[in-house]
Amino acid sequence: TRTERLRRDRDAATDLLRVYGCLLTEKQYAMMKGFSIDGKTFSEVAREQGVSRQAVHESVRAVQRLLEYY
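Let us look at the structure shown here. As the structure is a prediction and not an experimental result, all values here were calculated from the model.

**A short note on a positive patch on the surface**
Item 1. A cluster of basic side chains, namely Arg 2, Arg 5, Arg 8 and Arg 53, defines a positive patch on the protein surface.
Item 2. The residue Arg 53 is located in helix α4 (residues 53-69) in this model.
Item 3. Take Arg 53: its relative accessible area is 41%, and that puts it in the partly exposed class.

Dropping the structure here:
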């Protein structure tokens, strides 16, 4: 289901973030941490960062691909 997939994505992102997070910019790290470790929604992270929900979504997906590459 969608919820299970989201949980798997967050778990995988959390593991990668803990290992390779130091290679990210502060903003990338903050968005990924908010989403994966803190379990916040894209909207919640967007409010905190002062950007759009879409910007957070695109950033998180791009960082996930980057972390998987590392």
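Back to the write-up after that little detour.
**Description of helix α1 (residues 2-20)**
Item 1. For α1, spanning 19 residues, the distance from its first C-alpha to its last is 26 Å, which sits close to the expected 27 Å at 1.5 Å a residue.
Item 2. Considered for burial, the residues of α1 that qualify are Arg 10, Ala 13, Thr 14 and Leu 17. Viewed along the axis of α1, the buried residues span an arc of 110°, placing them on a single side of the element. Facing away from the buried side of α1, by more than 90 degrees, are the exposed residues Arg 8 and Val 19.
Item 3. The inward-facing, buried residues of α1 contact α2 (26-37) and α4.

**Observations concerning the packing of α1 against α2**
Item 1. Orientation of α1 relative to α2, taken along the N-to-C sense of each, is 135°, at an axis distance of 8 Å. With respect to each other, α1 and α2 are oriented oblique. Here α1 runs over α2; the crossing is left-handed. Seen from α1, the contacting residues are Leu 6, Arg 10, Ala 13, Thr 14, Leu 17 and Arg 18; seen from α2, they are Tyr 29, Met 32, Lys 33, Phe 35, Ser 36 and Ile 37.
Item 2. Of the residues that constitute the contact of α1 with α2, the class distribution is 7 nonpolar, 2 polar and 3 charged.

**As for the pattern of salt bridges**
Item 1. In total, this model carries 2 salt bridges according to the counting rule given.
Item 2. For Lys 33, the salt bridge goes to Asp 38, with nearest N and O atoms at 3.2 Å.
Item 3. Taking the shortest distance from any N to any O, the salt bridge between Glu 48 and Lys 40 comes out at 2.5 Å.

**A word on the nonpolar core**
Item 1. Residues Met 32, Val 56, Val 60 and Leu 67 are the most contacted members of the largest nonpolar core, which totals 13 residues.
Item 2. Element by element, the count of residues in this core is highest for α4, at 4 residues.
Item 3. With near-sequence residues (within four places) excluded, Val 60 lies in contact with Met 31, Met 32, Phe 35 and Phe 42.

Rules of the game
- Residues numbered from 1 in each chain as written.
- Predicted model: local features only at pLDDT ≥ 70, side-chain atom pairs only at ≥ 80, totals over all residues.
- Heavy atoms only, no water.
- Patch = residues over 30% accessible without salt bridge, like charges linked within 9 Å, V, L, I, M, F, W, Y side chains within 5 Å.
- Areas by Shrake-Rupley, 256 points an atom, 1.4 Å probe, with all protein chains shown as cover.
- Salt bridge = Lys/Arg side-chain N within 4 Å of Asp/Glu carboxyl O.
- Lys, Arg positive; Asp, Glu negative; His and termini not counted.
- Charge placed at Lys NZ, Arg CZ, Asp CG, Glu CD.
- Helix = DSSP H or I, 4+ residues; strand = E, 2+ residues; numbered from the N terminus.
- Buried < 20%, exposed > 50% of the residue type's maximum accessible area, 1.4 Å probe, protein only.
- Expected span 1.5 Å × (residues − 1).
- Arc of directions from axis to C-beta.
- Contact = heavy atoms within 4.5 Å.
- Axes fitted to C-alpha atoms, helices over the stretch in contact; angles between N-to-C directions.
- Parallel < 35°, antiparallel > 145°, perpendicular 65-115°, else oblique.
- Left-handed = near helix turned anticlockwise from the far one by under 90°.
- Nonpolar A, V, L, I, M, F, W, Y, C, P; charged D, E, K, R; others polar.
- Core = buried A, V, L, I, M, F, W, Y, C linked by side-chain atoms within 4.5 Å.

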